[in-house]
Amino acid sequence: MEYQRPKGTADILPDQIGVWQKIENTARSVFSKYGYQGIRTPMFENYNVFVRSVGDTSDIVTKEMYDFKDKGGRHITLRPEGTAGVVRAYIENKLFGPEYQKPYKVYYMGPMFRYERPQSGRLRQFHQIGVEALNSESPQVDAEVIDMALELFKNYGVNNIKLVINSLGDDQSREAYRKALIAYLEPHFDELSEDSKERLYKNPLRVLDSKDEKDQEIVQNAPSILDYLDDYSSKYFEEVKSLLTKLGIEYEIDSSMVRGLDYYTHTIFEIMSNSKAFNGKYTTVCAGGRYDGLISQLGGPDDGGIGFGLGVERLILLMEQENPNFSTPSNLDIYLAYADEEGDQLAFELLHDLRLQGLKADKDYSGIKLGSQIKAAVRLNSKYYAVLGKEEVSEKVIKINKVDGNTQEVSLEDLKKNASKFLK
Ligand code: ATP
Ligand code: MG
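Residues numbered from 1 in each chain as written. Chains lettered and ligands numbered in written order. Predicted model: local features only at pLDDT ≥ 70, side-chain atom pairs only at ≥ 80, totals over all residues. Heavy atoms only, no water.

1. Regarding the overall build of the protein
Here comes step 1: On a plain count of helices and strands, the protein comes out with 16 helices and 16 strands.
Here comes step 2: Here the analysis covers contacts within the protein between residues at least 6 apart in sequence; of these, 71% occur between residues at least 24 apart.
Here comes step 3: About 21,700 Å² of surface is accessible on the protein, with carbon and sulfur atoms providing 47% of the total. (Helix = DSSP H or I, 4+ residues; strand = E, 2+ residues; numbered from the N terminus. Contact = heavy atoms within 4.5 Å. Areas by Shrake-Rupley, 256 points an atom, 1.4 Å probe, with all protein chains shown as cover.)

2. A closer look at helix 14 (residues 370-379)
Here comes step 1: Turning to helix 14, its buried residues are Gln373, Ala376 and Ala377. One side of helix 14 carries all its buried residues, which in axial view fall inside an arc of 105°. Along helix 14, exposed side chains directed more than 90 degrees from the buried face belong to Lys375, Val378 and Arg379.
Here comes step 2: On its buried side, helix 14 packs onto strand 12 (332-338) and strand 14 (382-388).
Here comes step 3: Positive backbone phi, at 65°, marks Asn381, one or two positions downstream of helix 14. (Buried < 20%, exposed > 50% of the residue type's maximum accessible area, 1.4 Å probe, protein only. Arc of directions from axis to C-beta.)

3. Some remarks on the pattern of salt bridges
Pairs can form between side chains of opposite charge once their charged atoms are near each other.
Here comes step 1: Enumeration over the complete set of coordinates arrives at 27 salt bridges.
Here comes step 2: Residues Lys197 and Glu194 are paired through a salt bridge, measuring 3.3 Å at the closest nitrogen-oxygen approach. One end of the pair is Lys197 and the other is Glu194, both in helix 7 (residues 194-202) and three residues apart, which spans about a single turn.
Here comes step 3: Here Asp333 and Lys383 are joined by a salt bridge, their closest N and O atoms 3.5 Å apart. (Salt bridge = Lys/Arg side-chain N within 4 Å of Asp/Glu carboxyl O.)

4. Points about the site of ligand 1
Here comes step 1: Near ligand 1, the surroundings consist of 16 residues, among which Arg114, Glu116, Arg122, Leu123 and Arg259 are the closest.
Here comes step 2: Residue Arg122 places a side-chain N or O atom 2.8 Å away from an oxygen atom belonging to ligand 1.
Here comes step 3: Within the backbone of Gly311, a nitrogen or oxygen atom sits 3.5 Å from an oxygen atom of ligand 1.
Here comes step 4: Contributions of two or more residues to the shell around ligand 1 are made by strand 6 (125-134), strand 10 (283-290) and strand 11 (305-311).
Here comes step 5: Ranked by residue count, the leading element in the shell around ligand 1 is strand 10, at three residues. (Near = heavy atom within 4 Å. Polar contact = N/O pair within 3.5 Å; in protein donor to acceptor, adjacent residues only side chain to side chain.)

5. Points about the sheet that holds strand 6
The pairing of strands in a sheet comes from backbone hydrogen bonds and takes either a parallel or an antiparallel form.
Here comes step 1: Taken in spatial order, the eight strands line up as 1-5-6-11-10-9-7-8 in an open sheet, and their pairing is mixed. With one partner strand each, in any of the chains shown, strand 1 (37-38) and strand 8 (252-253) form the two edges of the open sheet.
Here comes step 2: Each of strand 5 (104-113), strand 6 and strand 11 touches helix 1 (residues 14-33); the most contacted strand, strand 6, lies at about 5° to it.
Here comes step 3: Strand contacts of helix 10 (residues 231-246): strand 7 (162-167), strand 8, strand 9 (265-273) and strand 10, with the helix running at about 160° to strand 7, the strand carrying the most contacts. (Pairing = 2+ DSSP bridges. Axes fitted to C-alpha atoms, helices over the stretch in contact; angles between N-to-C directions.)

6. Re the pairing of strand 14
Here comes step 1: Counting buried residues along strand 14, five of its seven residues qualify, which places the element largely inside the surrounding structure.
Here comes step 2: One ladder, built from three bridges, connects strand 14 with strand 15 (residues 397-402); its direction is antiparallel. Directly across from Tyr385, in strand 15, lies its bridge partner Asn401.

7. Details of the packing of helix 1 against helix 12 (residues 312-322)
How two helices pack is summed up by the angle between their axes together with the distance between the axes.
Here comes step 1: At a minimum axis distance of 11 Å, the contact between helix 1 and helix 12 shows a crossing angle of 110°. Judged by the angle between their axes, helix 1 and helix 12 are roughly perpendicular. For the pair helix 1 and helix 12, the contacting residues are Val19, Trp20 and Ile23 in the first and Val312, Glu313, Leu315, Ile316 and Met319 in the second.
Here comes step 2: Looking at the contact of helix 1 with helix 12 residue by residue, the classes come out as seven nonpolar, no polar and one charged. (Parallel < 35°, antiparallel > 145°, perpendicular 65-115°, else oblique. Nonpolar A, V, L, I, M, F, W, Y, C, P; charged D, E, K, R; others polar.)

8. Let's talk about the side chain of Asp340
Here comes step 1: Its place among the elements puts Asp340 in the loop between strand 12 and helix 13 (341-356).
Here comes step 2: Of the side chains with opposite charge, Lys390 comes closest to the buried, unpaired Asp340, at an N-O distance of 4.2 Å.
Here comes step 3: Looking at Asp340, its side chain comes within polar contact range of the main-chain nitrogen of Gly343, at 2.8 Å.
Here comes step 4: Not counting residues up to four positions away in its chain, the partners in contact with Asp340 are Leu388, Gly389 and Lys390. (Lys, Arg positive; Asp, Glu negative; His and termini not counted.)

9. Remarks on the nonpolar core
Here comes step 1: Membership of the largest hydrophobic core comes to 48 residues, with the highest contact counts inside it found for Leu134 and Leu185.
Here comes step 2: In contact with Leu134, not counting residues within four places along its chain, are Val86, Val87, Tyr90, Pro103, Tyr104, Tyr291, Ile295, Gly304 and Gly305.
Here comes step 3: Formed by 44 residues, the second largest nonpolar core is a distinct cluster that contains Ile23, Tyr34, Val158 and Leu318. (Core = buried A, V, L, I, M, F, W, Y, C linked by side-chain atoms within 4.5 Å.)

10. Overview of the packing of helix 6 (residues 171-185) against helix 7
Here comes step 1: Between helix 6 and helix 7, the shortest axis-to-axis distance is 10 Å and the interhelical angle comes to 140°. As far as their axial angle goes, helix 7 and helix 6 are oblique. Crossing hand, helix 6 versus helix 7: left-handed. Every residue of helix 7 that contacts helix 6 at Arg178, Ile182 and Leu185 is listed here: Leu200, Tyr201 and Lys202. (Left-handed = near helix turned anticlockwise from the far one by under 90°.)

11. Quick notes on the sheet that holds strand 2 (residues 44-46)
Here comes step 1: The sheet built from three strands is open, its strands ordered 2-4-3 with antiparallel pairing. Bordering the open sheet on either side are strand 2 and strand 3 (66-69), each of which pairs with just one other strand. Each strand axis lies, on average, 30° off the axis of its neighbour in the sheet, ignoring direction.
Here comes step 2: Pairing geometry for strand 3 and strand 4 (residues 75-78), over four bridges, is antiparallel. What sits directly across from Asp67, in strand 4, is Thr77.
Here comes step 3: Strands in contact with helix 2 (residues 47-54) are strand 2, strand 3 and strand 4; relative to strand 2, the strand with the most contacts, it is inclined by about 80°.

Rendered as C-alpha cells:
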C-alpha cells in the first residue's frame, strides 16, 4: 500500500456514520432544550491562543500540539481543544455586550488534534462535542451544565457512568494550596518523575494529574485542595453540591482531581465509566469545569465561564458496549430492482417521483443480476424493495415487498400520489 492514513487518524465510513450523526443530532436537541446555540470556530488558531489558555506546563502544550509556521511565518496550531477558540471568538466578536444573552450559551462539535501515542480511544485526530456558558458566575449555571451533560448520557442510553466533582477554588485559594503542595512534595523531589520535577515549582497542581505510577503513589497523601478553599470558594462549592442534590444528581468528590488544562477554577467535573468497553477501568468520557480567569487572560472582560468536552470516539466505544442498539436506522425507504430493460426505465423515472415526495429511494445502475439487486436492498438496509419489469410497466401495478415480511400490490398512480402511505 502506497498511501495510508496518518498514524492516529481514522476513516469514519458510511456503515458507522449513522451512529455519529445520531450522536450529534441528539446533542443538538438536548443542548437546545437548555438554550444553547451552535458556534463554529476555525480548526486552527494562533499558537498563543492555546499557550495562554491551556497553559504552558500542560501536557497538551508541552507535548501534544500540532503546531507549525505557515507560509507567511505565522505560528499556527491545530486546535487541541474547543474552549480556547470559543473564548477567543467571544472576545473578538464582543459577544459580551448588553444585547447578548447572559450566560452566552454555545455548543460545538468537530475534530481536535493532539500528538499522542495512539491506542484504543486515543487518537491524534479525535472529535469532541462541547459546550460553553460564557459570561456567567453562578452555582446554578454549574449545576445546569452538569445536569445537561448527564441528560445527554441518558439520551444516549448509557447508564453505567458516575459523576465526579471537585473544586479548585479561586486564584487566592489556589495560591494557598500551591504553597502547601510544594511543601509536601519537596521532600519527595528525588523520587518524582522528570516531568513532575520540572513542574513542581512552575505548576505543582500538574503533579497531581501525573500518569506516572510513582508520582501517583506520592500524591496519594498530598494535602487536599478542599482544605484550602477561601470563604467565597467553599460557599460556592457548597451551593453547587446542594443544587445537584436538589436535582437528584448523585456525585462523588475527588479532591485530587485537577484536570489537564490550566484554566480551570472552582467547579470541575468528569463523567467516568468502568464499562467493559474500558476493560473495567474507570475512564473519563466527558470532562469540564469553570474557568473564571480565562476570558480576561485572553484579553476580554473579567467574566466567568464554564463548559465541558465529550470525546466522541470514547463515547462510541462505551455505547457499543452499553447501548448497542442506539442506531440501526434504515438507510432507504425503498429499493427499486429491475428484471429487464423496460423495468429499468420505469425504476429510473419512478425514483424521481419518490424522491420528490421526500422518500429515500435508490436502484442499481450497473446492470447486475436481479438476485444481486435484492441482496443490495438488504445490504443497504432498505425497508422495502420492488421488482419492476415488462409486466409492471404494462399493468401499471407493482408489488412492494417489505424486506423482512409481507407483500402488497399498489398501483403506479397511487405510488406517484402518495407513496409514503404504502411504505410505513
Ligand atoms: P486524558 O487524561 O485521557 O488524556 P484529557 O484530560 O487530556 O484526557 P480533555 O482534554 O479533558 O481530556 O478532553 C475531554 C475528553 O476528550 C476526554 O475525556 C476524552 O473523552 C476525549 N479525548 C481527549 N484526548 C483524546 C484523544 N487523544 N483521543 C480521543 N479522545 C480524547
Ligand atoms: Mg490527555
